[in-house]
Amino acid sequence: MSDLYAVIGNPVAHSKSPLIHARFARQTGQDIHYEAILAPLDGFVETVVAFRQRGGKGANVTVPFKLEACALSSRLTERAKAAGAVNTLVFEADDILGDNTDGAGLVRDIVVNLGYALGGQRVLLMGAGGAARGVIRPVLEHEPAVLTIANRTRQKADDLQQLFASSGNVVSTAYGDLRGQEFDLVINATSASLHGDLPPQPKGIFAAASLAYDMMYGKGHTPFLQFAQQQGAARLADGIGMLVEQAAESFFLWRGTRPETEPVIEMLRSSLGSP
Ligand code: NDP
């Protein structure tokens, strides 16, 4: 019988994870079955328990359960501890190991796939939610000149600045105070694009050779990537690479083998009609 894995979320029907992991399994010759499970908003833990009883060996966790998954884990990896959120569960004999592969996925996409070195760069991270929090430590490990965090609710950016101050040069700010500053990499980790909105960043923030990265993806450019293009950002990237890379990191954790991500990114890009 195939080893059983799943993504658990609410909503979850839109998730590309079953498709991605099926491709990884075929590519690496691993015998797994991966499904999408819709958990009731008040029933995450029960859903995990039932899945484990059915023989589940591990799970990805998506919106809105990443914090609950963190609390449910009996052991956490260092990066999950730093992120305070879990997107990957490994069911061991006596333990549930919680990991967070989102940050590693983003950094691998930027550094390896896009060939963009982070060392010495001025990085702007917009947003202070779960996704932003998970990528701060992995970005700081590459020693950017500065990591500036801007958020609509300023206090949340300040809280993250304090939390990660000992890991690198981290600054927090309000969007309005970005006027007159330039960045080499601007990451949109807000959920504004989900609603077709643009975060309130001022004009003029993109340095000459800058990369604009939106964690969101879909058909055509997001409002943020359209803005970045108009503002002269040299390169644009959406979150498909991050999505596939975080999945590959989970797959590696479960199966001990690292799938090739490039063909899967290409396949998703063409099936979504993404630029
Ligand atoms: P959260 O709900 O935890 O956080 C949302 C963030 O967006 C908050 O900082 C919020 O600000 C901000 N925000 C929302 N709307 C606006 C707006 N109109 N203008 C400015 N700021 C806004 O979401 P997540 O952190 O979990 O996810 C963020 C994005 O990242 C989503 O689009 C998600 O799809 C994407 N993502 C992509 C992944 C991938 O693999 N590609 C993986 C994980 C996430 P405030 O604090 O003021 O409310």
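Per chain, the residues get numbers from 1 upward, laid out in the order the sequence is written. Totals for whole chains, interfaces and linings use all residues, but because this is a predicted model, local features are given only for residues with pLDDT of at least 70 and pairs of side-chain atoms are given and counted only at 80 or more. Values reported for side chains reflect all heavy atoms of the structure, with hydrogen atoms and water molecules removed beforehand.

### A few points about the UniProt feature "active site" (unreviewed entry) in the protein chain
Turning to step 1, where the next piece is worked out: Residues annotated in UniProt with the feature "active site" (unreviewed entry) correspond here to Lys66.
Turning to step 2, where the next piece is worked out: When you line up the elements, Lys66 lands in helix H3 (residues 66–72).
Turning to step 3, where the next piece is worked out: Among the residues examined, Lys66 registers a relative accessible area of 22% and is labelled partly exposed. UniProt positions are given in the numbering used here, feature names are shortened, and annotations may be inferred rather than shown by experiment. Helical segments are the DSSP runs of H or I of at least four residues, strand segments are the runs of E of at least two, and each set is numbered from the N terminus. The buried label applies to any residue whose accessible area, calculated with a 1.4 Å probe on protein chains only, is under 20% of its type's maximum; exposed applies above 50%, and partly exposed to all values in between.

### What to know about the pairing of strand S1 (residues 3–9)
Turning to step 1, where the next piece is worked out: S1 sits mainly inside the fold: 6 of its 7 residues count as buried.
Turning to step 2, where the next piece is worked out: Paired strands, in this sense, are two strands between which DSSP finds at least two bridges. Pairing between S1 and strand S2 (residues 32–38): 7 bridges, direction parallel. Its bridge partner being in S2, Val7 is matched across the sheet by Ala36.
Turning to step 3, where the next piece is worked out: Handedness of a crossover is defined as follows: with both strands directed away from the viewer, a clockwise route from the first strand across the helix to the second makes it right-handed. Between the parallel pair S1 and S2, the chain is carried across by helix H1 (residues 17–28), and the sense of this crossover is right-handed.
Turning to step 4, where the next piece is worked out: As paired strands, S1 and strand S3 (residues 56–61) are joined by 5 bridges and run parallel to one another. In the strand pairing of S3, Tyr5 is matched with Gly58.

### Considerations on the environment of Val123
Turning to step 1, where the next piece is worked out: Structurally, Val123 is set in strand S7 (residues 122–126).
Turning to step 2, where the next piece is worked out: Among the residues examined, Val123 registers a relative accessible area of 0% and is labelled buried.
Turning to step 3, where the next piece is worked out: Between the C-alpha atoms of Val123 and Ile187, which are 64 residues apart in sequence, the distance is 7.7 Å.
Turning to step 4, where the next piece is worked out: Note on definitions: a residue-residue contact is assigned when non-hydrogen atoms from the two residues lie within 4.5 Å. When sequence neighbours within four positions are dropped, the list of residues in contact with Val123 reads Leu118, Pro144, Val146, Leu147, Thr148, Phe183, Leu185 and Ile187.

### Considering the domain arrangement of the protein chain
Turning to step 1, where the next piece is worked out: Each assigned domain of the protein chain is listed here: domain 1 (3–100 + 241–272) and domain 2 (103–237).
Turning to step 2, where the next piece is worked out: Measuring from the centre of the C-alpha atoms in domain 1 to the corresponding centre in domain 2 gives 25 Å.
Turning to step 3, where the next piece is worked out: Taken residue by residue, the interface counts 15 residues in domain 1 and 17 residues in domain 2.
Turning to step 4, where the next piece is worked out: Accessible area that two parts lose when put together, with a 1.4 Å probe and added across both, is what the buried area reports. Here domain 1 packs against domain 2, burying approximately 1300 Å² in sum over the two surfaces, 60% of which is carbon and sulfur.
Turning to step 5, where the next piece is worked out: Contact with domain 2 buries surface across domain 1, with Ala82, Met242 and Glu245 losing the most and accounting together for 43% of the total.
Turning to step 6, where the next piece is worked out: Counted as salt bridges are all cases of a side-chain nitrogen of Lys or Arg within 4 Å of a carboxyl oxygen of Asp or Glu. If you look at where domain 1 meets domain 2, you find 1 salt bridge.
Turning to step 7, where the next piece is worked out: Note that Glu245 and Arg108 form a salt bridge whose closest N and O atoms lie 3.2 Å from each other.
Turning to step 8, where the next piece is worked out: Whenever a nitrogen or oxygen atom comes within 3.5 Å of another N or O atom, the pair is scored as a polar contact, on the condition that within protein one atom can donate a hydrogen and the other can accept it, and that pairs from neighbouring residues in sequence are kept only if both atoms are in side chains. Remark: the boundary between domain 1 and domain 2 carries 5 residue pairs in polar contact (both at pLDDT 80 or more).
Turning to step 9, where the next piece is worked out: Of all the secondary structure elements, the ones that give two or more residues to the side of domain 1 that touches domain 2 are helix H4 (78–83), helix H9 (240–255) and helix H10 (262–272).
Turning to step 10, where the next piece is worked out: Sorting elements by how many residues they give to the side of domain 1 that touches domain 2 places H9 first, with 6 residues. How far each domain reaches was decided by an automatic or database domain assignment.

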